[in-house]
Amino acid sequence: MSVLKRAGLYVMKNTGRSLLLFAILALTAAFVLSGLSIMNASVNTSARLRGTTGASFTVERNLSTGSLNSIGGGTSIIQQEFVTDAMIKDILKTDGIRAYTAKSGASLALRDLSGNLLRVIYENPKWDGTDLDYQLNAIGSFFSEYDKLFLSQSFLLTQGRHITDQDDHCIIISEALAKKHGLSVGDKVELYRQNWTTGMANAGDEGAEVEIVGLFKIIESQDDKNSRAPFYLYENYMFVSMNTVKSLSDWVDDAAERKGYEYADFYVDDPEQLETIIQNVQKLGSINWNNFNITVNDEVYKRAAGSMSNAASLIRTLIIVIVVISAGMVALILSLWLKGRIRETGILMAMGISKPALLLQHVIESALIAVPAFCAAWLISQGTVGWMAGLFDSAMETEYLAISGADFMTVCIGGIWILLTAILISCISVFRYKPKSILSMME
Amino acid sequence: MSILELRNVQYSYDQKKNVLKNINAQMERGKFYAILGPSGCGKTTLLSLLGGLDSPSQGTILFDGQDIEKLGLAKHRKNNIAFIFQSYNLIDYLTPKENVALTSKLPPLPILQLVGLTTEEIKRNVLKLSGGQQQRVAIARALASDAKVILADEPTGNLDEKTAAEITSILKECAHQMQKCVIVVTHSSDLAKQADVVLQLKKGLLQEA
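None of these values were measured; they are calculated from a predicted model. (Residues numbered from 1 in each chain as written. Chains lettered and ligands numbered in written order. Predicted model: local features only at pLDDT ≥ 70, side-chain atom pairs only at ≥ 80, totals over all residues. Heavy atoms only, no water.)

Observations regarding helix α8 (residues 161-177) of chain B
Residues and elements named next belong to chain B.
Part 1 of the reasoning: Over its 17 residues, α8 runs 24 Å from end to end, which matches the ideal 24 Å to within 8%, given 1.5 Å per residue.
Part 2 of the reasoning: Within the span of α8, buried status applies to Thr163, Ala164, Ile167, Thr168, Ile170, Leu171, Cys174 and Ala175. With its buried residues spanning 160° around the axis, α8 presents them on a single face. The exposed residues of α8 that point more than 90 degrees off its buried face are Glu161, Lys162 and Gln177.
Part 3 of the reasoning: Along its buried surface, α8 packs onto β3 (32-36), β6 (81-84), α7 (131-144), β7 (149-153), β8 (181-185) and α9 (189-194). (Helix = DSSP H or I, 4+ residues; strand = E, 2+ residues; numbered from the N terminus. Expected span 1.5 Å × (residues − 1). Buried < 20%, exposed > 50% of the residue type's maximum accessible area, 1.4 Å probe, protein only. Arc of directions from axis to C-beta. Contact = heavy atoms within 4.5 Å.)

Notes on the environment of Val411(A)
All names here are of chain A.
Part 1 of the reasoning: Position of Val411 among the secondary structure elements: in helix α11 (residues 405-431).
Part 2 of the reasoning: Placed 37 residues apart in sequence, Val411 and Phe374 show a C-alpha to C-alpha distance of 8.3 Å.
Part 3 of the reasoning: Setting aside residues no more than four positions away along its own chain, Val411 makes contact with Ala29, Val32, Leu33, Leu36 and Phe374.

Quick notes on the sheet that holds strand β4 (residues 58-63) of chain B
All names here are of chain B.
Part 1 of the reasoning: As summarised here, the arrangement of the four strands in space is β2-β1-β4-β5, forming an open sheet in which the pairing is antiparallel. A single partner strand is all that each edge strand has here, and the edge strands are β2 (18-28) and β5 (66-67).
Part 2 of the reasoning: Direction of pairing for strand β1 (residues 2-12) relative to β2: antiparallel, over a ladder of seven bridges. Across the sheet, the residue bridging to Leu4 is Met27, located in β2.
Part 3 of the reasoning: This element, helix α1 (residues 43-50), spans β1, β2 and β4 of the sheet and lies at about 125° to β1. (Pairing = 2+ DSSP bridges. Axes fitted to C-alpha atoms, helices over the stretch in contact; angles between N-to-C directions.)

Details of the interface of chain B and chain A
Part 1 of the reasoning: In this complex, chain B contributes 23 residues to the contact, which on the side of chain A involves 21 residues.
Part 2 of the reasoning: Of the roughly 2000 Å² buried between chain B and chain A on both sides combined, carbon and sulfur atoms contribute 59%.
Part 3 of the reasoning: Of all residues in chain B, Leu53(B), Tyr93(B) and Leu102(B) bury the most surface against chain A, accounting for 31% of the area lost on that side.
Part 4 of the reasoning: Our count for the contact surface shared by chain B and chain A stands at one salt bridge.
Part 5 of the reasoning: For the salt bridge of Glu98(B) with Lys13(A), the shortest nitrogen-to-oxygen distance reads 2.9 Å. (Buried area = accessible area lost by both parts, 1.4 Å probe. Salt bridge = Lys/Arg side-chain N within 4 Å of Asp/Glu carboxyl O.)

Let's talk about the pattern of salt bridges
Side-chain pairs of opposite charge can arise whenever the charged atoms involved come near each other.
Part 1 of the reasoning: Under the counting rule described, the total for this entry stands at 15 salt bridges over all chains.
Part 2 of the reasoning: In this structure, Asp265(A) and Lys148(A) form a salt bridge, with 2.8 Å as the shortest nitrogen-oxygen distance. Placement of Asp265(A) in strand β12 (residues 263-268) and of Lys148(A) in helix α4 (residues 148-151) is noted, with a sequence separation of 117 residues between them.
Part 3 of the reasoning: One salt bridge connects Asp146(B) with Lys180(B), and the closest N-O pair in it is separated by 3.7 Å. Placement of the pair is Asp146(B) in the loop between α7 and β7 and Lys180(B) in the loop between α8 and β8, with a sequence separation of 34 residues.
Part 4 of the reasoning: Taking the relative accessible area as the measure of exposure, Lys180(B) reaches 7% and is therefore buried.
Part 5 of the reasoning: Counted as one network, the salt bridges with shared partners bring together Arg341(A), Glu344(A) and Glu365(A).

Given below as structure tokens:
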């Protein structure tokens, strides 16, 4: 009888033992595979977070070092230089900065191409007939994607694209406003500067044709919407390419003095390098840092990366514990089983079956159980990972949550190594005896 | 010509006292040998040495004129020797047919039928067979290996009188009709009476009775 047939007969005839070993191997391997998948997903998510959480620093006017300037009537305002385009250009030369945005708010109105002013959205009738009927909260933006409203997921771009610093005459409006006026991505409208002193009737002296490049959905609901002025309702927010805002508004309220921005946000490639980048920026001699403050915005990254790192280390520890316990358990079970088969070993040796052939038989027996067990582990872990993907949906990038071929191979090789070691150790303890001694042990 | 020969064979467990002392003997094919002796005199040890389960402390054992140590003990056991034990030593999770097939060089079924097992018994698990039936399976296993020498250690020790007589008869047939060299270690005088040659092991020396 061939060694393969002997091994096959043992596996088939000892169903209980085979099933027990199969279950231990399959469940352990499935657990390890699932654990590795979560660990990889958290590592990948962390890596992606480093690039996408929007870790940034803000350069803003330092009002505490500004001078007071009397504007009459006993009122003084703080004079301080603004963040200028030239400053932004200098800062952007620093390595590691991938995007920036500066905000320039303005009150602007929209007209369709037939010249009809488009009314803003509000429910409270008290705003009827006021100047606020047509005022949209226009946010000048270099990169709308990095605006805090999008980063905080208060808004979500649902159609079209974001505005970049390469754009001109582009706007993004709310889905609600687009629906109200039957507008969609690609439509052209006219953007008008609101004339506060003369009222809406004179609006239109300065305008620009713009294209709607995107629509956003409001995710974060606003409290107390009824008492808010229409201008402050999210439905009436509008993102406008920075050049367009500049050309239209020229910072309407204080055009004479204001030639820059209150602040600018700079987004870095790798949040881990944020400190270094800021140090390099502060070395720029072209900027009087006495007049500006730099604040770090990496709380989101730190929070997310921290939880990812905790999850990965927890899973790593769990995997190690499970592998050690399972390996010990499998080794112990195999060892006990092989010692329990000392009689069989003696009989087979008396029949002239050599020790290497007996060792090979035990290896084949384990392989006959291990191979289907690892295949089952693959299927079980696929199911588990699918289930976990739903569980961790909001905690990590679930597209990374998958069983990789490399992990499967690692688990198989590790499992085979544990089995071989256990078999070898158990066999050595029996094989060191002469066949006669083994047969005497049987009596 | 002898198939097995012992030349100045000595054996000791602890290098102090020899259990077997300078044993010389020759065994031939077609003969049924019985080795008698009191308990602990070294009968089973002698059988183990003949079967290559152990090595003598001194001396040589020849099979067909060749030193079995040089042949390789595992190879000697596999090709030249078949064992039959008092406790049958069958693999308990297999059927008689599978037990016989383990080392079979001949088809197992006719041999199992030859030793008196029915078709239904052949398919059962060996643990569900009686002692006599299990010993028949062990004899069938020995015959199926096509070994020239059958070594049996108290083959009737666990059997009733009638079954023991049947088993003895089968072993005798193995020697006379199949030209095997059958060497049986026994306490049974009934079995010894059936042997062609009776050897007595006393104080480490083997003598023809």
